[in-house]
Amino acid sequence: MRIVVLAGGIGGARFLRGLKRAAPDAEITVVGNTGDDIHLFGLKVCPDLDTVMYTLGGGIDEDQGWGRRDESFTVKEELAAYGVGPEWFGLGDRDFATHIVRTQMLGAGYPLSAVTEALCARWRPGVRLLPMSDDRVETHVAIETDGERRAVHFQEYWVKLRASVPALAVVPVGAEEAKPAPGVLEAVAEADVILFPPSNPVVSIGTILAVPGIREAVAAAPAPVVGLSPIVGDAPVRGMADKVLSAVGVESTAAAVALHYGSGLVDGWLVDGVDAGAVDEVEAAGIRCRAVPLMMTDPEATAAMAREALALAEEVRG
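Residues numbered from 1 in each chain as written. Predicted model: local features only at pLDDT ≥ 70, side-chain atom pairs only at ≥ 80, totals over all residues. Heavy atoms only, no water.

## Side note on the sheet that holds strand 9 (residues 193-196)
This is how it is decided: In short, DSSP must find at least two bridges between two strands for them to pair. Labels follow the DSSP assignment, with helices taken as runs of H or I lasting at least four residues and strands as runs of E lasting at least two, numbered in each case from the N terminus. Note on method: axes are straight lines fitted to C-alpha atoms, helices fitted across the in-contact stretch only, with angles between N-to-C directions ranging 0 to 180 degrees. In what follows, a contact means two residues having at least one pair of non-hydrogen atoms within 4.5 Å.
Strand order in this open sheet of seven strands is 5-2-1-9-10-13-14, and the pairing throughout is parallel. The two strands at the open ends of the sheet, each matched to only one other strand, are strand 5 (128-131) and strand 14 (288-291). Between one strand and the next, the sheet's axes are offset by a mean angle of 20 degrees, whatever the strand orientation. As judged from the three bridges shared by strand 9 and strand 10 (residues 225-228), these two strands associate in the parallel manner. If you follow Phe196 over to strand 10, its bridge partner there is Gly227. Across the sheet, helix 2 (residues 47-57) is in contact with strand 2 (27-32) and strand 5; its angle to strand 5 comes to roughly 175 degrees.

In structure tokens:
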């Protein structure tokens, strides 16, 4: 079985770990979000790609869900002593090594897809990890502070500001000119199943779909497309997805996110049992919907979610 997963960071990575357990013999291709990418201290940082790589490769900080296990922050402290920022983004010493290698390879002319493949040769995540694009795309968020409207990088909005001010708009800068990375469209076209994990529908999966050609390829793919709601009981399971959903005019409900994707894109949708009342609304929109447990409390619970997604895909396939 060939499975394609469009994934963001923590939620996507943890779902992938369960998917590997649920379908150990599957060929899994992950199309990773690069809209969160940022340049810091002269280095190219790819938070979502690295979170997937570290999580599946056994190097993630399990408590945080991001960054390296057994991390130290000597370099960050030394940079702060020199007055060099930003101090709000916590790169650890082990993590720095990844970004140094990536930046050196990019500087030598290798595309991000080739660099990601080289980094994965060390971590052996057990999936094929592709960036959504080799081109630079950065998600920016429009906010208003002190009566002035301005745009900030998504990382500043999410990490520094903790989404404490309303998001007025979310813009994937550069997406319109970007091209899908090599292998992305081919993987989608050849997939037996396409999954949207419980990643942020605006700044993770939404940004991937903003790259011209990807949304169209998913919509045209013969494989069933099944998504899992990141909203449980009208609130995000993790993070602050409701903040950016409001910016695109979508309510923070399991049904609203399904309708945001639409029946032209997703064929099946899983909601948590507490949102069972949303099933009829989603199915009325032409999307097959089932209510199942969607809390990734442990690896087996996550694997059970993945099995439910694959079962719904088979049901849709008929």
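After that view of the structure, there is still more to cover.
## With respect to the pattern of salt bridges
Test applied: What makes a salt bridge here is a side-chain nitrogen of Lys or Arg within 4 Å of a carboxyl oxygen of Asp or Glu, nothing more. Using a 1.4 Å probe on the protein chains alone, a residue whose accessible area is under 20% of its type maximum counts as buried, one over 50% counts as exposed, and one in between counts as partly exposed.
As enumerated under the stated definition, the model contains 13 salt bridges in all. A salt bridge links Glu300 to Arg21, with the shortest nitrogen-to-oxygen separation between them at 3.5 Å. Note that Glu300 is positioned in helix 13 (residues 299-317) and Arg21 in helix 1 (residues 10-22), a separation of 279 residues in sequence. Of the charged contacts, one joins Arg307 and Glu300 as a salt bridge, the two residues approaching to 2.8 Å between their closest N and O atoms. According to the relative accessible area criterion, Glu300 is partly exposed, its value standing at 34%.

## Some words on the pairing of strand 2
Note the cut-off: Assignment of crossover handedness uses the view with strands pointing away from the viewer, where a clockwise path from the first strand over the helix to the second indicates a right-handed crossover.
The element strand 2 is extensively covered by neighbouring structure, given that five of its six residues are classed as buried. In this structure, strand 1 (residues 2-7) lies alongside strand 2, joined through six bridges in parallel fashion. Looking across to strand 2, one finds that Ile3 is bridged to Ile28. Assessed by its sense of winding, the connection that carries the chain from strand 1 through helix 1 to strand 2 is right-handed. For strand 2 and strand 5, the ladder comprises four bridges, and the chain directions are parallel. Across the sheet, the residue bridging to Val31 is Leu130, located in strand 5.

## Some thoughts on the packing of aromatic side chains
Cut-off, in case you're wondering: Put simply, two rings from Phe, Tyr or Trp (the six-membered ring, in Trp's case) pair if the centres are within 6.5 Å, and we call them stacked under 30 degrees between planes, edge-to-face over 60, tilted for the rest.
By the definition in use, this model includes six aromatic pairs. With 5.2 Å between their ring centres and 65 degrees between their planes, Tyr54 and Trp123 make a pair best called edge-to-face. Here Trp123 lies in helix 5 (residues 112-123) and Tyr54 lies in helix 2, a separation of 69 residues in the sequence. Across the pair, exposure class does not vary: Tyr54 and Trp123 are buried alike. Three or more aromatic residues link up through ring pairs in this structure, and these residues are Phe196, Tyr261 and Trp269.

## With respect to helix 4 (residues 93-107)
Because the α-helix completes a turn every 3.6 residues, residues three or four places apart line up on one side. Formally: Given the number of residues in a helix, its expected span is that number minus one, multiplied by 1.5 Å.
The end-to-end C-alpha distance of helix 4, which contains 15 residues, comes to 21 Å, matching closely the 21 Å that a straight helix rising 1.5 Å per residue would cover. All of the buried residues along helix 4 are Asp93, Asp95, Phe96, Thr98, His99, Arg102 and Met105. Contacts made by the buried residues of helix 4 are with strand 4 (43-45), helix 2, helix 3 (74-81) and helix 5. Once helix 4 ends, the next one or two residues include Gly109, with phi positive near 105 degrees.

## Describing the side chain of Asp36
Definition in use: Charge assignment in this entry is limited to Lys and Arg as positive and Asp and Glu as negative, and neither His nor the chain termini are counted.
Tracing the backbone shows Asp36 in the loop between strand 2 and strand 3 (38-40). No salt bridge is formed by the buried Asp36, whose closest oppositely charged neighbour, Lys44, lies at an N-O distance of 11 Å. Those residues in contact with Asp36 that lie beyond four places of it in its chain are Pro47, Asp48, His153, Phe154, Gln155 and Val203.

## As for the side chain of Asp61
Definition in use: Each polar contact in these results corresponds to two N or O atoms within 3.5 Å; when the atoms are within protein, one needs to be able to donate a hydrogen and the other to accept it, and residues that are neighboring in sequence are counted only if both atoms are side-chain atoms.
Along the polypeptide, Asp61 turns up in the loop between helix 2 and helix 3. Here Asp61 is buried and forms no salt bridge, its nearest opposite-charge partner Arg14 lying at an N-O distance of 7.3 Å. In terms of polar contacts, Asp61 uses its side chain to reach the backbone amide nitrogen of Asp63, at 3.1 Å. Beyond its immediate sequence surroundings of up to four residues, Asp61 is in contact with Trp66, Gly67, Arg68 and Arg69.

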